[in-house]
Amino acid sequence: MNKVNIHSCPICGGTRLERALTCIDHYATGETFHLCRCGDCGFLFTQGFPAEAEIGRYYDTPDYISHSDIRKGAMNAAYHWVRSYMLGRKARLVAREAHRKEGRLLDIGTGTGYFADTMRRRGWQVEAVEKNEGARAFAKERFGLDVKPESALKDYAEGSFDVITLWHVMEHLEHLNETWERLNRLLTEKGVLIVAVPNCSSYDAQKYGAYWAAYDVPRHLWHFTPATIQQLGSKHGFILAERHPMPFDAFYVSMLTEKHLRHSCTFLRGLLTGTLAWFSALVSKERSSSMIYVFRKKKG
């Protein structure tokens with residue numbers, strides 16, 4: 001297997017890289033992967049992950065819900081309930097942060113197309129891209145969306161979009177710095193970039209350690225905190241304008257983690273941890289299981 005080994009931090013360029021955790025791929029292969037942390041800026045990332053051309057088999061499982069849309073089981077039912085609720089919240093967040101009720105929006109990593117369809121029905125001109133062929137086919141059949149493959153990103157003109165969204169996608173993208181450079185060029189001068197990612201400094205991440213389901217190796221390559229993603233955005237000409245917690249994520253992630261740990265009563269155990277994480281995020285939103293970050297381009 002062709003692996004990507006990182007010798008300097010993608011954010012700060014530091015070379016003091018220390019092994020922090022060893023995690024298991026619970027979804028597809030049972031393989032182990034190491035997480036390394038930059039000794040200078042604290043950025044955490046998966047070391048030795050499969051190269052882009054080979055990582056597809058790690059997604060090739062019916063349990064990967066963002067591509068398969070499965071609904072069987074309590075945890076998947078909870079996922080769909082939360083997603084339905086969050087679609088409205090995300091749409092309102094976009095309108096509020098963009099200061100407009102309609103415009104040109106690009107949704108990267110749209111999955112099965114639920115968010116793109118929501119925004120289109122609210123009057124937005126929506127472009128959507130997705131790497132997984134099966135997910136693109138689902139979006140076409142279910143919503144009539146013409147979702148383009150990831151390669152289409154290079155075809156859009158600079159300044160094409162008022163809003164770009166990546167909902168739990170940034171952590172999957174191999175070419176991290178190149179992606180941020182492209183996002184900056186695709187946005188208008190007053191455009192808004194909205195990125196949602198897991199937060200590895202969250203209450204539930206600290207509780208579960210290497211078993212935390214949101215490490216999701218090797219599909220998740222980068223493991224952000226509020227500090228490291230702000231530093232990454234600044235590096236590429238963005239300012240962090242807002243941060244919003246995603247407290248519901250702690251419930252699903254905790255239930256999934258309990259399942260990986262092979263504990264009994266996984267639903268109830270996950271519910272308890274999710275509740276504790278919820279209260280932790282109320283005290284400090286920076287401890288939320290996942291965070292939504294709103295970036296704006298630096299003036300000049």
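Reading the values: rules and limits
- Residues numbered from 1 in each chain as written.
- Predicted model: local features only at pLDDT ≥ 70, side-chain atom pairs only at ≥ 80, totals over all residues.
- Heavy atoms only, no water.
- Helix = DSSP H or I, 4+ residues; strand = E, 2+ residues; numbered from the N terminus.
- Rg over C-alpha atoms; globule rule 2.2 N^0.38 Å.
- Buried < 20%, exposed > 50% of the residue type's maximum accessible area, 1.4 Å probe, protein only.
- Areas by Shrake-Rupley, 256 points an atom, 1.4 Å probe, with all protein chains shown as cover.
- Lys, Arg positive; Asp, Glu negative; His and termini not counted.
- Charge placed at Lys NZ, Arg CZ, Asp CG, Glu CD.
- Pairing = 2+ DSSP bridges.
- Right-handed = clockwise from strand over helix to strand, strands pointing away.
- Patch = residues over 30% accessible without salt bridge, like charges linked within 9 Å, V, L, I, M, F, W, Y side chains within 5 Å.
- Salt bridge = Lys/Arg side-chain N within 4 Å of Asp/Glu carboxyl O.
- Axes fitted to C-alpha atoms, helices over the stretch in contact; angles between N-to-C directions.
- Left-handed = near helix turned anticlockwise from the far one by under 90°.
- Contact = heavy atoms within 4.5 Å.
- Nonpolar A, V, L, I, M, F, W, Y, C, P; charged D, E, K, R; others polar.
- Core = buried A, V, L, I, M, F, W, Y, C linked by side-chain atoms within 4.5 Å.

A closer look at the overall build of the protein
- A count of helices and strands for the protein gives 9 helices and 12 strands.
- Relative to the compact-globule value of 19 Å for 300 residues, the protein shows a C-alpha radius of gyration of 18 Å, a close match.
- Principal axes of the C-alpha set define a box for the protein whose edges measure 45 × 45 × 45 Å.
- Split into buried and exposed, the 300 residues of the protein put 54% on the buried side.
- Accessible surface, the protein as shown: approximately 13,600 Å² in total, 51% of it carbon and sulfur.
- Between the averaged position of the 40 positive side-chain charges in the protein and that of its 33 negative side-chain charges there is a distance of 5 Å.

Let's talk about the pairing of strand S7 (residues 125–129)
- With 5 bridges joining them, strand S6 (residues 104–108) and S7 adopt parallel strand pairing. Residue pairing in the sheet places Ile108 in a bridge with Val129 of S7.
- Note that the unit made of S6, helix H3 (residues 114–121) and S7 has a crossover that is right-handed.

What about a positive patch on the surface?
- On the surface, a cluster of positive charge is made up of Arg89, Arg92, Arg96 and Arg122.
- Among the secondary structure elements, Arg89 is positioned in helix H2 (residues 74–98).
- Note on Arg89: relative accessible area 35%, which makes it partly exposed.

Remarks on the sheet that holds S7
- Reading across from one edge, S7-S6-S8-S9-S12-S11 is the order of the 6 strands in this open sheet, with mixed pairing throughout. In this open sheet, the two strands that pair with only one neighbour each are S7 and strand S11 (238–245). Here the average twist between neighbouring strands, direction ignored, is 20°.

A word on the packing of H3 against helix H4 (residues 133–143)
- H4 packs onto H3 with a crossing angle of 35° between their chain directions and a minimal axis gap of 10 Å. The handedness of the crossing between H3 and H4 comes out as right-handed. Across from Tyr114, Asp117 and Arg120 in H3, the residues of H4 making contact are Phe138, Arg142 and Phe143.
- Of the residues belonging to the contact of H3 with H4, the class tally is 3 nonpolar, no polar and 3 charged.

Focus: the sheet that holds strand S3 (residues 32–38)
- Read from one edge to the other, the open sheet built from 4 strands follows the order S2-S3-S4-S10, with strand pairing classed as antiparallel. Sheet topology places strand S2 (17–24) and strand S10 (222–223) at the edges, where each strand pairs with a single neighbour.

Quick look at the pattern of salt bridges
- What the rule picks out here adds up to 13 salt bridges.
- Residue Arg219 pairs with Asp25 through a salt bridge whose shortest N-O separation is 2.6 Å. Residue Arg219 is located in the loop between helix H6 (203–208) and S10, and its partner Asp25 is located in the loop between S2 and S3; the two are separated by 194 residues in the primary sequence. For the pair shown, Arg219 and Asp25 are each scored as buried.
- With a closest N to O distance of 3.1 Å, Glu97 and Arg296 form a salt bridge. Taken together, the positions of Glu97 in helix H2 and Arg296 in strand S12 (residues 290–297) put the pair 199 residues apart, joining distant regions of the chain.

As for the nonpolar core
- Ranked by internal contacts, the top residues of the largest apolar core, which has 59 residues, are Ile164, Leu166, Met170, Trp180 and Leu193.
- Contact partners of Ile164, with chain neighbours within four places excluded, come to Leu106, Ile108, Leu183, Leu186, Leu187, Val192, Leu193 and Ile194.

A closer look at a nonpolar patch on the surface
- Together, Phe267, Leu268 and Leu271 make up a nonpolar patch on the protein surface, roughly 260 Å² of accessible area in all.
- Examined against the element boundaries, Leu268 turns out to sit in helix H9 (residues 266–283).

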